[in-house]
Amino acid sequence: MHKLFFAFCFLLSIFCQAQRIKLEIEFRYGKPDCSGRCKTDEQIQNSKIDKPLANQRFYIYQSGVCVDSIKTNDSGLVVIKYPPGRYYLYEPWKHFKKTPDGSPMSDFFPDCIVKEWVKPNYYLTIEMDGEYKMTYLEISASRCSFQYPCLKVRHLPSLIKTK
């Protein structure tokens, strides 16, 4: 009886491994210009070029449970092997219930930041045939620090007085 149970578990694990689909995903983002200065035409064109999201960690959730974490390489690439399904990717600050830039929680409206923690940065849907769809929602690297959600005081660059 034990041998039969062991054989069943072994075959089940092989079947589950066969269902995993290997994907190479590239993460990119638009780097913001936070200076508040007027831009030249060349600067405007360069700002439209997406940059690789290098060495960024994401926590992968499925059905409300963290199932894994991934980290992009220097080129913004990551190779994953997951079974078909729907996954939600979160930045570390959301996973660990912190602020986007590590500043004190008192700089943010508490009710608002709690709502931000539950918003994923990406949706990833993997189909049985190996096709996938990645839906981008937002990422902190694409925002200037004064654009973070839930800030109590926004220090806009154009309002900062220089001597």
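We now turn to the structure provided with this report. (Residues numbered from 1 in each chain as written. Predicted model: local features only at pLDDT ≥ 70, side-chain atom pairs only at ≥ 80, totals over all residues. Heavy atoms only, no water.)

A look at the nonpolar core
Inference 1: Core analysis: the biggest nonpolar cluster contains 18 residues, and F27, F58, I70, I80 and L89 have the highest contact counts within it.
Inference 2: Those elements giving two or more residues to this core turn out to be β1 (21-26), β4 (57-62), β6 (77-82), β7 (85-90) and β8 (122-126).
Inference 3: Apart from the residues within four sequence positions on either side, F58 is in contact with F27, L53, D68, S69, I70, L89, Y90, E91, N121, Y122 and I139. (Core = buried A, V, L, I, M, F, W, Y, C linked by side-chain atoms within 4.5 Å. Buried < 20%, exposed > 50% of the residue type's maximum accessible area, 1.4 Å probe, protein only. Helix = DSSP H or I, 4+ residues; strand = E, 2+ residues; numbered from the N terminus. Contact = heavy atoms within 4.5 Å.)

Details of the sheet that holds β4
Within a sheet, adjacent strands bond to each other through the backbone by hydrogen bonds, running parallel or antiparallel.
Inference 1: Pairing is antiparallel in the open sheet, where five strands are placed in the order β5-β4-β7-β8-β9. With one partner strand each, in any of the chains shown, β5 (65-71) and β9 (132-136) form the two edges of the open sheet. With direction set aside, neighbouring strand axes in the sheet form an average angle of 25°. (Pairing = 2+ DSSP bridges. Axes fitted to C-alpha atoms, helices over the stretch in contact; angles between N-to-C directions.)

Focus: the state of the cysteines
Inference 1: With the rule as written, the count across this model stands at two disulfides.
Inference 2: The disulfide partner of C34 is C144, and the S-S distance across this bridge is 2.0 Å. The S-S bond linking C34 to C144 shows a torsion near -95°; that makes this disulfide left-handed. Note that C34 is positioned in the loop between β2 (28-29) and α2 (41-47) and C144 in the segment after β9, a separation of 110 residues in sequence.
Inference 3: For C34, a relative accessible area of 32% translates into the label partly exposed.
Inference 4: The class for C144 is buried, based on a relative accessible area of 3%.
Inference 5: Covalent S-S linkage joins C112 and C150, the inter-sulfur distance amounting to 1.9 Å. Classification of the bridge connecting C112 and C150 rests on its S-S torsion, roughly -70°, and on that basis the disulfide is left-handed. With C112 in helix α4 (residues 110-117) and C150 in the segment after β9, the pair connects residues that are 38 residues apart, well separated along the chain.
Inference 6: On the basis of relative accessible area, C112 is assigned to the partly exposed category, the value being 28%.
Inference 7: Disulfide connectivity for the protein, with bonded cysteines indexed by sequence position, reads 1-3, 2-4. (Disulfide = S-S within 2.5 Å.)

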